[in-house]
Amino acid sequence: MPSPALLNLDREYVLAIHSAFPDFEHNPVNPNVKAVAPVLSTVEAAKRFAAFTAVDRHVLQQHKIIGIGSGSTVPYVVERIVAQGEDLNRDRVFIPTGFQSKELIVKANLRLGDVDQYPTIDVTIDGADEVDHDLNCIKGGGACHLREKVLAEAAETWVIVADYRKNSQVLGTTYKAGVPIEVAPFAYAKLLQNLHRLGSPGAVLRMAQTSKAGPIVTDNGNFVIDAPFDEEWMKEPHDLLTKIKMLTGVVEVGLFCGMAEAAYFGTADGNVTIKWRDGRVEKVDVDKPASKQ
Ligand SMILES: O=C[C@H](O)[C@H](O)[C@H](O)COP(=O)(O)O
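Below, the structure is looked at part by part. Keep in mind that what you see is a predicted model, and the values were worked out from it rather than measured.

1. Looking at the sheet that holds strand β4 (residues 130–131)
And then number 1: Read across the sheet, three strands follow the order β4-β5-β11 without closing on themselves; strand pairing throughout is antiparallel. Strands with a single pairing partner mark the edges of an open sheet, and in this sheet they are β4 and β11 (255–256).
And then number 2: Summarising the sheet, β4 and strand β5 (residues 137–138) pair through two bridges and their orientation is antiparallel. When the sheet's bridge partners are listed, Glu130 is paired in β5 with Ile138.

2. Thoughts on the site of the ligand
And then number 1: For the ligand, the set of nearby residues contains 16 residues, the closest of which are Ser70, Ser72, Asp129, Gly140 and Glu148.
And then number 2: Lys139 is positioned with one of its side-chain polar atoms (N or O) 3.0 Å from an oxygen atom of the ligand.
And then number 3: The separation between an oxygen atom of the ligand and a polar main-chain atom of Ala143 is 3.1 Å.
And then number 4: For the ligand, whose accessible area on its own is 380 Å², the fraction buried by protein is 86%.
And then number 5: When grouped by side-chain class, the residues that make up the shell around the ligand number three nonpolar, eight polar and five charged.

3. Description of the side chain of Asp132
And then number 1: Relative to the helices and strands, Asp132 is located in the loop between β4 and β5.
And then number 2: Put simply, Asp132 is tucked away with no salt bridge, and the nearest opposite charge, on Lys275, sits 6.3 Å away.
And then number 3: Polar contacts involving the side chain of Asp132 include one to the main-chain amide nitrogen of Asp134, which spans 2.8 Å.
And then number 4: Excluding anything up to four places from it in sequence, Asp132 contacts Ser168, Gln169, Val170, Leu171, Pro237 and Lys275.

4. Digging into the packing of helix α2 (residues 42–58) against helix α3 (residues 74–83)
And then number 1: Packing of α2 against α3 leaves a shortest axis separation of 8 Å and a crossing angle of 45 degrees. It follows from the interaxial angle that α2 and α3 lie oblique. Of the two elements, α2 crosses α3, and the hand of that crossing is right-handed. Note on element contacts: α3 touches α2 through Tyr76, Val77, Glu79, Arg80 and Ile81, opposite Glu44, Lys47, Arg48, Ala51, Phe52, Val55 and Asp56.
And then number 2: Among the residues forming the contact of α2 with α3, the class breakdown is six nonpolar, no polar and six charged.

Conventions used here
Residues numbered from 1 in each chain as written. Predicted model: local features only at pLDDT ≥ 70, side-chain atom pairs only at ≥ 80, totals over all residues. Heavy atoms only, no water. Pairing = 2+ DSSP bridges. Helix = DSSP H or I, 4+ residues; strand = E, 2+ residues; numbered from the N terminus. Near = heavy atom within 4 Å. Polar contact = N/O pair within 3.5 Å; in protein donor to acceptor, adjacent residues only side chain to side chain. Areas by Shrake-Rupley, 256 points an atom, 1.4 Å probe, with all protein chains shown as cover. Nonpolar A, V, L, I, M, F, W, Y, C, P; charged D, E, K, R; others polar. Buried < 20%, exposed > 50% of the residue type's maximum accessible area, 1.4 Å probe, protein only. Lys, Arg positive; Asp, Glu negative; His and termini not counted. Salt bridge = Lys/Arg side-chain N within 4 Å of Asp/Glu carboxyl O. Contact = heavy atoms within 4.5 Å. Axes fitted to C-alpha atoms, helices over the stretch in contact; angles between N-to-C directions. Parallel < 35°, antiparallel > 145°, perpendicular 65-115°, else oblique. Left-handed = near helix turned anticlockwise from the far one by under 90°.

The following block contains the structure:
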């Protein structure tokens, strides 16, 4: 297993540099070489601490089939898994939730598999757009939620990693774009009408932002509708999920309810808050060895 010192060194470095030079960006590859690309802001450092801590606790020696989720925190998950060493990773198979995670797995020289070969996964670690007090999540900001939900269901343990901005009481507090809904393309207009009638007058088809005219198309060839609902709806995400899922033409809804074992949030001060399924909230000081927490 990687040395905790790897994590500690980075934390001290990031905090020291950020207090002295608030605009300084951290190079996680080699802190002494500032020009060599990727750089870490406070938010990026938070994502990395969350990902590292979650991998250390949940991707264990006995785990051989591992799901890799999507989003901006997941590259750090792969970084930490790679740091566990070739001996451990040689016998493992990694299942992606989409194009991004497939690329991460392949580029890290890890063995790629698919969920149709491995319908039971030891552990899947994934990002989220927002997580509520009960570990219900909004996912699908990157349009990956269909595959993500299949891998979440397939996993014996499903764990979320994110930075502090995603940690909420009620879904929709910080992620305002609405509930991502993957839909069959030919059904989108009827579904927009039905969603407006259900209680989301602001529901819209998600359009490509750059380099493509028209709607975004998912890895599965479908469209995505973003449907904002008010707080009363979002307080009961499972009811909302059930209602949306019943609409004909819906492929999958980006509400993940009652699925997570734990959510790891990197905090702005360089530590990690863990919210567990049973309601416990644990603060992890990444400077201290696990035995002293
Ligand atoms: O479809 C995308 C996934 O659900 C992502 O896990 C989610 O959008 C979080 O992504 P990010 O970490 O980039 O905000």
